[in-house]
Protein chains: 2
Amino acid sequence: MRHSYKFPRPALTVDCVVFGFDDAKLKILLIQRGLEPFKGRWALPGGFAHIDESLDAAARRELQEETSLQDVFLEQLYTFGALDRDPRGRVVSVAYYALVDLAGHPAIGATDADAAAWFPLPKLPPLAFDHGRIVAKAVERLRAKVRYEPLGFELLPGKFALSQLQTLYEAVTQSSIDKRNFRKKILAMDVLTPLNEFAAQGAHRPAQLFRFNHAKYVALKKGGFNFEL
Amino acid sequence: MRHSYKFPRPALTVDCVVFGFDDAKLKILLIQRGLEPFKGRWALPGGFAHIDESLDAAARRELQEETSLQDVFLEQLYTFGALDRDPRGRVVSVAYYALVDLAGHPAIGATDADAAAWFPLPKLPPLAFDHGRIVAKAVERLRAKVRYEPLGFELLPGKFALSQLQTLYEAVTQSSIDKRNFRKKILAMDVLTPLNEFAAQGAHRPAQLFRFNHAKYVALKKGGFNFEL
DNA sequence: TCAAAAGTGTTCTTGATACACCCATGC
DNA sequence: GCATGGGTGTATCAAGAACACTTTTGA
C-alpha cells in the first residue's frame, strides 16, 4: 500500500437500471436531467454516494428520491471507471439494476422537477454520460441471469397467469417457447402455488393465477435444486 | 443530482483475487502486509486507485507492483462498500479476480518488503479487512463461470494434457467427472488443437498435449455455440 | 513384471423438442 | 356463433450418465 490515503480521490456515484415489464415489452425507467451536464437528456436514476452510507443504501436512496420506488429487487451490476465518462471530472459509478412490477408503478413522478418515464428497450433515447453502456451491460446480465435464477417473478405482479410468465421470458430472452413445454417445465419445478383465482380480461377463457413460492424455492435450492428455464 | 460534487468522498481501492492451479489444488496468491492496519496479516494484492487511471488500469498496476504479474486474465468481480470495512475510514474497494498459470509463476516476490505466497483454497490464513468475503465471492464467481466460459485454460500452461484439464475442473467445481465422458464432451466441442507432443512425467504412458484454440472458440461463439461443461 | 496413468465405445436413461385439438368466455 | 386466448398429452430425438478393459511407459 504505497499510495497515500490522502491523494485526490475520484468522486463516487451510484446509478440504477430499473427494469419493468408491460404489454409484452421490457422497459427501462429513465429520468430527464434538470441540471448540467447533459441538461434535458434522459439518464439513469442515480447520484453521488454519501460518505456515511453503504453503496447499496445509496442506490436505494437515489431510487427512492428520484423515482419513489421502494422495496424493490436491487442488485449490484458493475462498476464503471473510465477516465472520461463524466465531463465534470473523475467520477466512478457503481451501477445497480432493479426489477419492479411495472403494473404496480405505472406513472412514477420524481420528487423534484425532473421528469421520469418508462421506455421500451429497443427505443431508448440518447442517454447522458456512459449510461448507454451501463444499460447494455444490465440487459446482458438480465438476459443471462433470468435463465438460472428466478428473477422473472420480480417483474410480474404477485399473482400472475402462466401466459404472462411465458411472454415475459420470451421478451427477455428474445426467443419463442412452446406453450405446453413451458408449462410442463415450470410446473414440474414445483415452485408455483396455484391459486383459486382467475383473471378474466377479455373475450376468452379466464386464466388461472399462480404465485411464486419463494420459501419453497429456497428450501429446494438448499437441497441442490437449480432453477433453470 | 441533488448532492454536491464537492462533498467528502470515500477513498477508492482495487483488490485482486489471483487464482492459480497446481498439484490438483486451486490456490490464491496473498501478500503479507508490511504496514498498519493489519500489519503482518495476509491480504489480497491491491491498493488505492489513482485519479488519472481507469479501474482496470489500477488493478493491473497493483498486480504488477505487488506480485510482478503481467498480461494475465483479469476481470472485475464486485465492488465492496460496507461502512466499516476499513478501520482507516470510508474506503470502497473494487475487487477483481485474475487467473494465472501457476506453473509459469512459481515463487513470486513482491518488489517491496512484503512477502507473497500461494495458499491452497481450503487453508487460507485469516485475512485483513473484509478480504475473506471478497475471496468467497471470487470463488463463487469462478465456480459458476468456469462452467459456461472457457476460463479454465487461463489456469493451465499453453500446452496441457486432458487429464490436467479434467483435474482442474474437478477441483474448481468440486465434483468428480467420468474420464470418458469428459474427453468425449470437450473434444466434441472442437476447440482443442491436438499437438504432436507428449508429456512424459512418470512411469506410465505419456499423455498427448493439447492447446486451446481461442480463435476457433471466438468463431464458434459467433455462430451461436456455447461453451459448457 | 509391476505400478501408474493414458486412452477408448456402447448401453441406458433422462430430459428436450415437436406437435394439434378442445375449452371457457365476451361480444 | 365466432373470435380469443387458456389449457392439455404423447411420440421422437438428443444429450448425459454409467460402466471396464487395453496400452504405454519407467522403475
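As the structure is a prediction and not an experimental result, all values here were calculated from the model. (Residues numbered from 1 in each chain as written. Chains lettered and ligands numbered in written order. Predicted model: local features only at pLDDT ≥ 70, side-chain atom pairs only at ≥ 80, totals over all residues. Heavy atoms only, no water.)

**Q** Which parts of the structure should I look at to understand the protein's contact with DNA strand D?
**A** Around DNA strand D, 21 residues are found, and the nearest of them are S163, K179, A203, H204 and Q208 of chain A. For DNA strand D, the backbone portion of the atoms within 4 Å of the protein, that is sugar and phosphate, comes to 39%. Here a phosphate oxygen of DNA strand D sits 2.6 Å away from a polar atom, N or O, in the main chain of Q208 of chain A. The separation between a phosphate oxygen of DNA strand D and a polar side-chain atom of K185 of chain B is 3.5 Å. Within the surface near DNA strand D, the residues separate by chemical class into 5 nonpolar, 6 polar and 10 charged. (Near = heavy atom within 4 Å. Polar contact = N/O pair within 3.5 Å; in protein donor to acceptor, adjacent residues only side chain to side chain. Nonpolar A, V, L, I, M, F, W, Y, C, P; charged D, E, K, R; others polar.)

**Q** Which parts of the structure should I look at to understand the pairing of strand β10 (residues 207–212) of chain A?
**A** Within a regular strand, side chains alternate between the sheet's two faces. All names here are of chain A. Alignment of strand β8 (residues 159–161) against β10, held across 3 bridges, turns out to be antiparallel. Across the sheet, F160 pairs through a bridge with F210, a residue of β10. Where strand β9 (residues 192–199) lies against β10, 5 bridges are found, and the strand directions are antiparallel. Within β10, the position partnered with P194 by the bridge is F210. (Pairing = 2+ DSSP bridges. Helix = DSSP H or I, 4+ residues; strand = E, 2+ residues; numbered from the N terminus.)

**Q** It is not clear to me how the sheet that holds strand β10 (residues 207–212) of chain B should be interpreted in this structure. Could you clarify?
**A** Sheet strands pair via backbone hydrogen bonds, and the direction of the pair is either parallel or antiparallel. Residues and elements named next belong to chain B. If you trace the 3 strands from one edge of the open sheet to the other, you get β8-β10-β9, paired in antiparallel fashion. Pairing within the sheet leaves two strands with one partner each, and these edge strands are β8 (159–161) and β9 (192–199). Taking the axes of each pair of neighbouring strands and ignoring which way they run, one obtains an average angle of 45 degrees across the sheet. Together, β8, β9 and β10 form the strand contacts of helix α3 (residues 162–173), whose direction differs from that of β8 by roughly 80 degrees. (Axes fitted to C-alpha atoms, helices over the stretch in contact; angles between N-to-C directions. Contact = heavy atoms within 4.5 Å.)

**Q** Explanation requested: the side chain of E53 of chain B in the structure shown.
**A** Assignment of secondary structure puts E53 of chain B in the loop between β4 (46–48) and α1 (55–67). Given a relative accessible area of 10%, E53 of chain B falls into the buried group. At 2.9 Å, the side chain of E53 of chain B and the backbone nitrogen of H50 of chain B are in polar contact. There is a polar contact of 2.5 Å between the side chain of E53 of chain B and the side chain of R61 of chain B. Excluding residues that lie within four positions of it along the chain, E53 of chain B makes contacts with L83 and R90 of chain A together with F48, A58 and R61 of chain B. (Buried < 20%, exposed > 50% of the residue type's maximum accessible area, 1.4 Å probe, protein only.)

**Q** I keep staring at the sheet that holds β10 of chain A and nothing clicks. Help me out?
**A** Residue and element names in this part refer to chain A. Pairing is antiparallel across the open sheet formed by 3 strands, whose spatial order is β8-β10-β9. Each having just a single partner strand, β8 and β9 make up the two edges of the open sheet. Going from strand to strand, the sheet's axes swing by 45 degrees on average, the running direction of each strand aside. The sheet contacts of helix α3 (residues 162–173) involve β8, β9 and β10, and relative to β8 the element is tilted by about 80 degrees.

**Q** I'm lost on the interface of chain B and chain A in this one. Help?
**A** Reports often express the size of an interface as the amount of accessible area lost when the parts come together. Between chain B and chain A, the residue contacts involve 39 residues of the former and 40 residues of the latter. At the boundary of chain B with chain A, total buried surface from both sides reaches about 3,700 Å², with 57% on carbon and sulfur atoms. For the interface between chain B and chain A, the tally reads 0 salt bridges. Run the count over chain B and chain A and you get 8 residue pairs in polar contact (both at pLDDT 80 or more). (Buried area = accessible area lost by both parts, 1.4 Å probe. Salt bridge = Lys/Arg side-chain N within 4 Å of Asp/Glu carboxyl O.)

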